[in-house]
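What follows is the residue order along each chain.
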Amino acid sequence: MPGGRLTRQERQQIELGLADGDAYAEIARRLGRPTSTVTREVMRNGGPTAYRAALAHRATELRARRRVRSAPGARRAAPPLDAHGRDPEAVREFEEAFTARLTASGLTPMMARVMSALCTTDQDGMTASDLVQRLQVSPASVSKAIAFLARHGFVRRTRGEGRRERYYLDDGLWYESMLASIRANQALVDIARQGVAVFGPGTVAGDRLAGTARALDCLNQRLLRATEETREALAAESAGSAASRQRAGGQVPSPGP
């Protein structure tokens, strides 16, 4: 019914519509629902490429049960804020939306959940044990996700106390991950150029491979320039912000007489 919770059947129709490549507005029209309802449902449950009706329905039921357990009375008091004055429900909803967006960008759901946890934690990095406890998943799942993310430059590892590794995300890692992408593109350029020599310039296949190499090489050069310019701009901005904070806090000594 419009305005109420989505039913299992409606979620199945959403999954089928996504598989057919239908737009959110078209799916919503068939369901008689607002487009915003369908959009929010999909992005809250993995994004358009990872949405599964059964998992989405189960997750909604679990959230509903948690709300019932936390509010036995007819009127529910506002949830207490955390140590930083944040609304825990708003934080949880943001983490779900952020995870969905990472999934939509191409990461698997588990990798996206690990990335989201590392981005939103207030800890100075997290151990595998921290991630297992926070995400409520198996150590093997965390290990596999971390291995992929570290291999592609998204996660930095350090050895902590007791030889336990800690994992971090920082601004520099986004830069390193972009460089890793550029290197991967360059490998494609190199192999395409080898293909030109194998198939011969002037042949259909050879020309196609030559065009591929030119396009990727041009893209790589532009990406590299943009990446370097962005890093320099962010470094300058960060230095300026730090200086402003010092002046505001009175930590910069004033000139002598």
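Residues numbered from 1 in each chain as written. Predicted model: local features only at pLDDT ≥ 70, side-chain atom pairs only at ≥ 80, totals over all residues. Heavy atoms only, no water.

**Here we look at the overall build of the chain**
Stage number 1. Helix and strand counts for the chain stand at 10 helices and 3 strands.
Stage number 2. Order of helices (α) and strands (β) in the chain, N terminus to C terminus: α-α-α-α-α-α-β-α-α-β-β-α-α.
Stage number 3. Relative to its full complement of 257 residues, the chain shows a buried share of 29%.
Stage number 4. Restricting the contact set of the chain to residue pairs at least 6 apart, pairs at least 24 apart contribute 52%. (Helix = DSSP H or I, 4+ residues; strand = E, 2+ residues; numbered from the N terminus. Buried < 20%, exposed > 50% of the residue type's maximum accessible area, 1.4 Å probe, protein only. Contact = heavy atoms within 4.5 Å.)

**Focus on the nonpolar core**
Proteins that are soluble and globular tend to have nonpolar side chains buried together.
Stage number 1. If you look at the biggest cluster of nonpolar residues, it comprises 20 residues, and the most contacted ones within it are L107, V114, L118, L131, I146, L149 and V155.
Stage number 2. Elements with a minimum of two residues in this core: α6 (109-120), α7 (128-135) and α8 (139-151).
Stage number 3. Membership of the second largest hydrophobic core comes to 12 residues, among which are L31, V38, V42 and A100. (Core = buried A, V, L, I, M, F, W, Y, C linked by side-chain atoms within 4.5 Å.)

**Digging into the environment of R156**
Stage number 1. Structurally, R156 can be placed in strand β2 (residues 156-159).
Stage number 2. Each residue touching R156, except ones within four places of it in the same chain, is listed here: R166, Y167, Y168, D170 and L173.

**Quick look at the pairing of strand β3 (residues 165-168)**
Stage number 1. Relative to β3, strand β1 (residues 126-127) runs antiparallel, the two sharing 2 bridges. Across the sheet, M126 pairs through a bridge with Y167, a residue of β3.
Stage number 2. Where β2 lies against β3, 4 bridges are found, and the strand directions are antiparallel. When the sheet's bridge partners are listed, R159 is paired in β3 with E165. (Pairing = 2+ DSSP bridges.)

**What to know about the sheet that holds β1**
Stage number 1. Judged by pairing direction, the sheet is antiparallel, and its 3 strands sit side by side in the order β1-β3-β2 without closing on themselves. A single partner strand is all that each edge strand has here, and the edge strands are β1 and β2.

**Digging into the confidence of the model for the chain**
Stage number 1. Looking at the chain, the pLDDT average stands at 82 and 86% of residues meet or exceed 70.
Stage number 2. Below pLDDT 50 for its whole length, residues 252-257 participates in 2 contacts with residues either more than four positions away or in separate chains. (pLDDT = per-residue confidence, 0-100.)

**Some words on unusual backbone geometry**
Stage number 1. Of note, the phi angle at Q136 is positive, near 55 degrees, even though the residue is not glycine.
Stage number 2. Its location among the elements puts Q136 in the loop between α7 and α8.

**Some points on the packing of α7 against α8**
Stage number 1. Direction vectors running N to C along α7 and α8 enclose 120 degrees, while the axes themselves pass 9 Å from each other. Taken together, α7 and α8 sit at an angle that is classed as oblique. Here the hand of the crossing between α7 and α8 comes out right-handed. Taking contact as the criterion, the partners of A128, L131 and V132 in α7 are, on α8, P139, V142 and I146. (Axes fitted to C-alpha atoms, helices over the stretch in contact; angles between N-to-C directions. Parallel < 35°, antiparallel > 145°, perpendicular 65-115°, else oblique. Left-handed = near helix turned anticlockwise from the far one by under 90°.)

**As for the packing of aromatic side chains**
Stage number 1. All told, the structure shown has 1 aromatic pair when counted by the stated rule.
Stage number 2. Judged by centre distance (5.7 Å) and plane angle (10 degrees), the ring pair of F94 and F98 falls under stacked. With F94 and F98 both in helix α5 (residues 88-104) and 4 residues apart, the pair spans about one turn of that helix.
Stage number 3. Since its relative accessible area comes to 48%, F94 is described here as partly exposed.
Stage number 4. A relative accessible area of 23% means that F98 is categorised as partly exposed.
Stage number 5. R156 extends its terminal NZ or CZ atom over the ring of Y168, reaching a point 4.8 Å from the ring centre. (Phe/Tyr/Trp six-rings, centres within 6.5 Å; stacked < 30°, edge-to-face > 60°. Lys NZ or Arg CZ within 6 Å of the ring centre and 35° of its normal.)

**Digging into the pattern of salt bridges**
Stage number 1. One pass over the full model with this rule turns up 13 salt bridges.
Stage number 2. Among the ionic pairs, E41 bridges to R11, the shortest N-O distance being 2.8 Å. With a gap of 30 residues between them, E41 in helix α3 (residues 35-44) and R11 in helix α1 (residues 8-19) connect regions that are remote in the sequence.
Stage number 3. Using a relative accessible area of 8% as the deciding quantity, one classes E41 as buried.
Stage number 4. Given a relative accessible area of 3%, R11 falls into the buried group. (Salt bridge = Lys/Arg side-chain N within 4 Å of Asp/Glu carboxyl O.)

**Regarding helix α2 (residues 24-31)**
Stage number 1. Those residues of α2 that sit buried are I27, A28 and L31. Down the axis, α2 shows its buried residues gathered within 100 degrees of arc, on one side only.
Stage number 2. Following α2 by one or two positions, G32 adopts a phi angle in the positive range, close to 75 degrees. (Arc of directions from axis to C-beta.)

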